[in-house]
Amino acid sequence: MEITTKGQVYLLDRLNIDTDQIISAKYLTGITMNGLGLNLFEDLDLPGFDRKEPAFKEATILVARENFGCGSSREHAVWALEDSGFQAVIASSFARIFRQNMFNRGLLAIELSAEQIDEIFVNKWKNCLIDLKTMTLTFWSDENRSEKKTCSFQLADFDKQLVLEGGLVGFVVKHY
Amino acid sequence: MSRTLVQKIFDSHLVDKPSLGIYALKTDLIMCHEITTPQAILDIKEKWGDKVFNPSKIVALIDHVNPAKDSATALQGKVIRDWSHRQEIEFYDVGCNGVCHALLPEQGYVRPGMTIICGDSHTCTAGAFGAFAAGVGTTDLEAAILKGIVFFREPKTMRIQLEGKLSKGVFAKDVILHLISQLGVKGATDHVIEFCGPIIKDMDMEGRLTVCNMVVEAGATSGLCCPDEKTLTYYKEHGITVYDFEILRHTWQPDENAVYDQDRSFGLSLLEPQVTFGNNPSEVKSISEMVGTKINQVYIGSCTNGRISDLRIAARILKGEQIPKSIRLIVVPATTEIQLQAIREGLAEIFIEAGAFFSGPTCGACLGMSNGVLTEGEVCASTTNRNFPGRMGKGGTVHLMSPATAAATALYGEITDPREVI
């Protein structure tokens, strides 16, 4: 991943989104990591949720509530997000395996406080700039582009290195 | 300095600390199944010359869809089968296999003090032997297959003391459902739990496997029980010779004055059978609040509760009885050995005569893949581990419970207190 990335935000106002809901078990029958994007969140019965709507289609940054990615270890959940264009998930907490799967694929799992996540939902910020150099996130809405909100975030050095080096396998082959 | 059990395992397996708080650990055992491994196999073949760091440290099998249900799952089986043969990796194929977390201990692969990973969240089950066992994703698995190492954050530690004595009709499953309800679904995230106290001491290994199996539902990385007499009994009963058991038992204990990040204690003498009511495993009620809930299907099986003691208690309740025609009962032994044992002991006959479908081992319907998946509006009383929305089939509802509660529920077609029929 580049040191900075800018993208549209998709707001998924739910907690405890488990990996079964991210990608249903019926799509676990493949032998490659590709092609799962179309089935992302398919079984998620969320009012007004439509993965065909432009706001979802063009989004590259997902914001959700606590314990995102709990349950099954299936990396298919990350591949499905990746395949549909997401580069980062921002949530108030993650399940361990999902979080590591994101970093292992060179993608970002960023934890903010529950209050900070609340603020994103309340303001319905649709745009985000992630800067790994300054370790900051900047949000703004479509309606008011001049008013921006910036907050800092933390990553473990190891996870940051995985993201910058493009994932775990390359890192391990290079260093061990 | 005094150390917890998991700190001792981490220290003894340390290969490197690539950055602050990160442990690169030597893996003693990598378990591979057909759902999460083929992608790693193909990626290694394409990019890294089909390498495997050490085939003797890998065990492979088919378990999630057993046998294949369609051409896609047949291809998953073929990829892992061909790889195992090519790399001379021990492989458990259709006919001698089972759900990985049940098969691994039964076939004698697990020892106290080991590090074990698998591309499966319930890998924590093997912690019952005093091993550090944890689920990982396919990429972690791939790196481990290539280099024999796996990366973990330095775990936060939690000791859970289980005090008292379980009353009749209350089992390991009730204990862990209650603990998850108390800890919450993220209450143990990034923690490794070490269990102790009289209830764990009294519990046999099959019960401990059930408890450790579901720690991930509270977010835990792994859950460990210290090796003791019960561990040795399990080895003996399964014909597994462990020459150095006394050394292992002595080595893999926490220091007496080890300090844990969290120290929790639960008195469970008054615990009733537990049943989930909602859409995550922490939404749990006592049986008295759940009796009378109508169900369409009862499922007895999985890595949580598909072992022989689970089938025995269910058969004891169902012996000579008939389930109502309005429901289905599906009984799925967790391994081929358990299936055979159930046939030899006459349990299979009891289930089938009661009106059950009795199959060979598979993960199957637990994750909504095959062998008893639900449709919209159906309700399943299940001995499995997850009640997430749509887990056993879109639009279906799952109530998690012990095998005794599930069998009692099968008798009446509605959630039933097992203490009335035991």
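Reading the values: rules and limits
- Residues numbered from 1 in each chain as written.
- Chains lettered and ligands numbered in written order.
- Predicted model: local features only at pLDDT ≥ 70, side-chain atom pairs only at ≥ 80, totals over all residues.
- Heavy atoms only, no water.
- Helix = DSSP H or I, 4+ residues; strand = E, 2+ residues; numbered from the N terminus.
- Rg over C-alpha atoms; globule rule 2.2 N^0.38 Å.
- Buried < 20%, exposed > 50% of the residue type's maximum accessible area, 1.4 Å probe, protein only.
- Contact = heavy atoms within 4.5 Å.
- Domains from an automatic or database assignment.
- Buried area = accessible area lost by both parts, 1.4 Å probe.
- Salt bridge = Lys/Arg side-chain N within 4 Å of Asp/Glu carboxyl O.
- Polar contact = N/O pair within 3.5 Å; in protein donor to acceptor, adjacent residues only side chain to side chain.
- Nonpolar A, V, L, I, M, F, W, Y, C, P; charged D, E, K, R; others polar.
- Pairing = 2+ DSSP bridges.
- Axes fitted to C-alpha atoms, helices over the stretch in contact; angles between N-to-C directions.

Novice: Would you take a moment to explain the overall build of chain B for this structure?
Specialist: Counting its secondary structure elements, chain B contains 15 helices and 19 strands. Scaling as 2.2 N^0.38, a compact globule of 422 residues should have a C-alpha radius of gyration of about 22 Å, and chain B matches this with 21 Å. By principal-axis analysis of the C-alpha atoms, chain B measures approximately 60 × 55 × 40 Å. Across the 422 residues of chain B, 64% fall into the buried class. Look at the contacts in chain B between residues 6 or more apart in sequence, and 75% of them connect residues 24 or more apart.

Novice: What am I meant to see in the domain arrangement of chain B here?
Specialist: Reports often express the size of an interface as the amount of accessible area lost when the parts come together. Residues and elements named next belong to chain B. Assigned domains within chain B: domain 1 (5-267) and domain 2 (274-420). The gap between the C-alpha centroids of domain 1 and domain 2 is 24 Å. Counting residues at the interface gives 37 residues for domain 1 and 37 residues for domain 2. For the domain 1 and domain 2 pair, buried surface summed over both sides reaches about 2900 Å², with 59% attributable to carbon and sulfur atoms. For the domain 1 face of the interface with domain 2, the top three residues by lost area are Val99, Lys173 and Glu206, together amounting to 19%.

Novice: Would you mind going over the interface of chain A and chain B with me for this structure?
Specialist: Contacts between chain A and chain B engage 43 residues on the former and 50 residues on the latter. Overall, the association of chain A and chain B removes approximately 3800 Å² of surface from exposure, summing both partners, and the carbon and sulfur fraction of that is 62%. When the buried area of chain A at its contact with chain B is split by residue, Ile31, Arg96 and Tyr176 of chain A rank highest and sum to 20% of it. A salt bridge links Arg99 of chain A to Asp190 of chain B; the nearest nitrogen and oxygen atoms lie 2.8 Å apart. Counting across the chain A and chain B interface gives 20 residue pairs in polar contact (both at pLDDT 80 or more). Breaking the side of chain A that touches chain B down by element, the ones donating at least two residues are helix 1 (19-22), helix 3 (76-83), helix 4 (96-104), helix 6 (157-165) and helix 7 (168-175) of chain A. For the side of chain A that touches chain B, the per-class residue count stands at 16 nonpolar, 14 polar and 13 charged.

Novice: Is there a simple way to explain the pairing of strand 16 (residues 328-332) of chain B in this structure?
Specialist: Regular strands place their side chains on alternate faces of the sheet. Residues and elements named next belong to chain B. The element strand 16 is extensively covered by neighbouring structure, given that 4 of its 5 residues are classed as buried. Bridge count between strand 15 (residues 297-301) and strand 16: 5 bridges; the pairing is parallel. Residue Gln297 lies in a different strand from strand 16, and its bridge partner there is Arg328. Note: strand 16 against strand 17 (residues 356-358), 3 bridges, orientation parallel.

Novice: Please clarify how the environment of Leu374 of chain B should be interpreted in this entry.
Specialist: All names here are of chain B. Mapped onto the secondary structure, Leu374 falls in the loop between strand 17 and strand 18 (379-382). Exposure remark for Leu374: the relative accessible area of 6% places this residue in the buried category. For the pair Leu374 and Gly390, spaced 16 residues apart in the sequence, the C-alpha separation amounts to 8.6 Å.

Novice: Just checking my understanding: could you explain the sheet that holds strand 2 (residues 22-26) of chain B for this structure?
Specialist: Two modes of strand pairing occur in sheets, parallel and antiparallel, and in both the strands are linked by backbone hydrogen bonds. Residue and element names in this part refer to chain B. Judged by pairing direction, the sheet is antiparallel, and its 3 strands sit side by side in the order 1-2-8 without closing on themselves. In this open sheet, the two edge strands, each paired with only one partner strand, are strand 1 (14-16) and strand 8 (149-153). Taken pair by pair, the neighbouring strands of this sheet meet at an average axis angle of 45°, ignoring direction. The pairing of strand 2 with strand 8 spans 5 bridges and is classified as antiparallel. Across the sheet, the residue bridging to Ala24 is Phe151, located in strand 8.

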